[in-house]
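# Coordinate analysis (summary)
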Amino acid sequence: MYDSGKIITGLIIFVLLVTIPVWYNRGTASNVPEPELPKDVKTCVLPKAEITAKHMQLLNQWRDEVIRTGDRSTLEIEGKQYPKSLMLACMKCHTSKVKFCDKCHDYASVKPYCWDCHLAPVE
Amino acid sequence: MKYAFPLAAVIALVLIALIAVQIPGMQYLFGVVVPYLAMALFLGGFCYRVIHWAKSPVPFRIPTTCGQGYTMPWIKYDKLEAPVNTGQVVARMFLEIFLFRSLWRNTKATVYSGPKLTYESSKWLWLFGILFHYSFLVIIIRHMRLFLDPIPGIVSFIETGDSLLQIGAPVMYTTDVTIILAILFLFARRVFNPQVRYISLVNDYFPLFLIFGICTTGILMRFFIRTDVDINAIKQLAVGLVTFSPTIVADISSLFYVHLFLVCTLLAYFPFSKLMHMGGVFLSPTRNLANNSRMVRHINPWNPEIKPHSYAGYEDEFREDMVEQGIPVEKELPAQGE
Ligand code: HEM
């Protein structure tokens, strides 16, 4: 082998870069987030699997409907009327942003910019 | 129709994953076993290729110089195109690796009436090439949010920068748009440019289609078909993989398995394909050598060792025979004692 000093060093750097996830996590399985679910109600706007995967799309759809087409119709869950709203629907049942939304979002590194304008419940 | 076969191959790969994960138990194969195998092939194959290259001797300097070389101290020479020392070589390599400088030499020959032939620099290849590679890099760094826990600041920073346009929810990433545009351009170039079309092979089209498939499934998963794309469950699998304790905690969308299977194909295919230019660019002797063949003595590593043999030594060895044959010698035989 020629220039082995340089080439082996380069290869080692490459392998270390590719395996960053292995030595960064240091073999510890992570702490899975457990968002605190509301106690007094049982159903969300959508079935559980759907709301988990698609809640951002729903929020986007609500936002477009309310602001672009002025469709402020309400929806009924367990006999109560909720407007299509981030603060007046989602956050009425999920009363804590920190213990609910942020739990998952910190784990998945999402930082919704919604809270630049919308008010989160006071905690 | 050199693109028909690779296109069919990628479609077949998509279908294999799509259909196979419907069978219970196959999720483990496609989510855990195949990724480990692919990663092992990638790392093993990559090191094997690089070490294989390192075993070939480079007996003399073969940099491609394309500027005035160093001659006399008062004649200006081109430090980047004909580098003479390590510093200049490093600068040249840096610009090559990070800015793809040599693609500025991509010329397009055109014949005008006259007839007049011109060679004009065509920078489109450079532009879309650089868009493609940097988008790819940013996407890979962003994906680290699925593998690292806690997530380092640099990953969040790049995510924020990439989603700066704040379009929709989940927010659109700029690099998703640029990588698709770039792949489409690089493909169109191979199809519509007759010269490039002529030299394009199956193994030029296959990686393009494969990466296009990876990006399309990723984009579909994020923005269009979110059913069962539970990022938390996916992250648990991904972190599990890198901590060697993989678990599949929920029913994840089959689109995710297609995405992952295409990525695994790419990883496994990588070391045995032209994609090895990732390592090759560092080892290409036409770039990484200094143009100093007239300043430094370069010795061919496989030369046999030849000892110098001076005339005086030669005469010492053969003096007796020379005298006997009557050949004149510089130093006579020692006088014979009687
Ligand atoms: C060659 C490597 C890969 C490339 C080029 C790639 C490309 C992409 C692209 C372009 C997207 C669209 C959204 C975005 O840009 O973030 C995406 C999404 C995604 N990819 Fe990949 N991917 C790669 C590897 C992987 C691997 C190894 C996994 C396995 C954990 C994975 C899981 C995902 C997931 C879960 C999404 C959806 C993300 C979301 O909804 O925000 N990808 N991918």
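These numbers come from a predicted model, not from an experiment.

### Focus on the site of the ligand
All names here are of chain B. Around the ligand lies a shell of 23 residues, among which Arg142, His143, Asp176, Arg222 and His259 are the nearest. One of the side-chain N or O atoms of Arg145 is found 2.7 Å from an oxygen atom in the ligand. Every element with two or more residues in the shell around the ligand is listed here: helix H4 (124–143), helix H8 (202–224), helix H9 (231–242) and helix H10 (254–269). For the shell around the ligand, the element with the highest residue contribution is H8, accounting for six residues. Split into classes, the residues belonging to the shell around the ligand amount to 15 nonpolar, three polar and five charged.

### Quick notes on the coordination of the iron atom of the ligand
Reference values for coordination geometry: four tetrahedral donors around a metal ideally subtend 109.5 degrees, six octahedral donors ideally subtend 90 or 180 degrees. All names here are of chain B. At this site the iron atom of the ligand is bound by His143 (NE2) and His259 (NE2), with donor distances of 2.0 Å. Around the iron atom of the ligand sit six donor atoms; with metal-centred angles ranging over 84 to 178°, the donor geometry is octahedral. With a gap of 116 residues between them, His143 in helix H4 and His259 in helix H10 connect regions that are remote in the sequence. According to the relative accessible area criterion, His259 is buried, its value standing at 11%.

### Description of the interface of chain A and chain B
The interface of chain A with chain B comprises 36 residues on the first partner and 47 residues on the second. In this assembly, chain A packs against chain B so that about 3,300 Å² is buried in total across both faces, 67% of it on carbon and sulfur atoms. Together, A:Tyr2, A:Phe14 and A:Tyr107 form the three largest contributors to the area buried by chain A at its contact with chain B, with a combined 18%. Viewed at the interface, chain B and chain A are joined by zero salt bridges.

### A few points about the nonpolar core
Side chains of a nonpolar character, in soluble globular proteins, are inclined to be buried together. B:Phe46 and B:Phe256 are the most contacted members of the largest nonpolar core, which totals 56 residues. The element contributing the most residues to this core is H8(B), with eleven residues. If near-sequence neighbours (up to four positions away) are discounted, B:Phe256 is found in contact with B:Met221, B:Ile234 and B:Leu237. A:Leu58, A:Leu86, A:Met91 and A:Phe100 belong to the second-largest nonpolar core, a separate cluster that totals eleven residues.

### Overview of unusual backbone geometry
Residues and elements named next belong to chain B. With an omega of -10°, the peptide bond between Gly114 and Pro115 qualifies as cis. In this structure, Pro115 sits in the loop between strand E1 (107–112) and strand E2 (116–121). Between Ala169 and the following residue, Pro170, the backbone shows a cis peptide bond with an omega angle of 0°. One non-glycine residue, Phe100, lies in the positive phi region at around 55°. By the element assignment, Phe100 lies in the loop between helix H3 (86–99) and E1. Residues other than glycine seldom take positive phi values, yet Gln166 does so here, at roughly 50°. Assignment of secondary structure puts Gln166 in the loop between helix H5 (153–162) and helix H6 (174–192). The class for Gln166 is partly exposed, based on a relative accessible area of 38%.

Calculation rules
- Residue numbers restart at each chain and count upward from 1, following the sequence in its written direction.
- Chain A is the first chain written and ligand 1 is the first ligand written, with later ones labelled in order.
- Totals for whole chains, interfaces and linings use every residue, but because this is a predicted model, local features are given only for residues with pLDDT of at least 70 and side-chain atom pairs only at 80 or more, for both listing and counting.
- The side-chain numbers reported here are obtained from all heavy atoms of the structure, hydrogens and water having been left aside.
- To be near a molecule or strand, a residue needs just one of its heavy atoms within 4 Å of it.
- Side-chain atoms alone can form a polar contact between residues adjacent in sequence; in general such a contact is a pair of N or O atoms within 3.5 Å, and within protein one must be able to donate a hydrogen while the other accepts it.
- For the purposes of this entry, the term helix denotes a DSSP run of H or I that reaches at least four residues, the term strand denotes a run of E that reaches at least two, and both are numbered from the N terminus.
- Residue polarity follows a fixed list, in which Ala, Val, Leu, Ile, Met, Phe, Trp, Tyr, Cys and Pro are nonpolar, Asp, Glu, Lys and Arg are charged, and the others, Gly among them, are polar.
- For Na, K and Ca the donor cut-off is 3.2 Å; for every other metal, N, O and S atoms count as donors within 2.8 Å. Water does not enter the count, which can leave sites looking incomplete.
- Square planar and octahedral assignments, for four and six donors respectively, both demand that opposite donors be over 155 degrees apart and that all other angles lie between 65 and 115; tetrahedral needs four donors with all angles between 85 and 135 degrees, and anything else is irregular.
- Whether a residue is buried, partly exposed or exposed follows from its accessible area with a 1.4 Å probe, protein chains only, as a fraction of its type maximum: under 20%, in between, or over 50%, in that order.
- Contacts were defined at the residue level, with two residues in contact if any of their heavy atoms lie within 4.5 Å.
- When two parts are put together, the accessible area they lose, computed with a 1.4 Å probe and summed over both, is reported as buried area.
- Note on definitions: salt bridges are taken to be side-chain nitrogens of Lys or Arg within 4 Å of carboxyl oxygens of Asp or Glu.
- For the purposes of this section, nonpolar cores are sets of buried Ala, Val, Leu, Ile, Met, Phe, Trp, Tyr and Cys residues that join through side-chain atoms within 4.5 Å.

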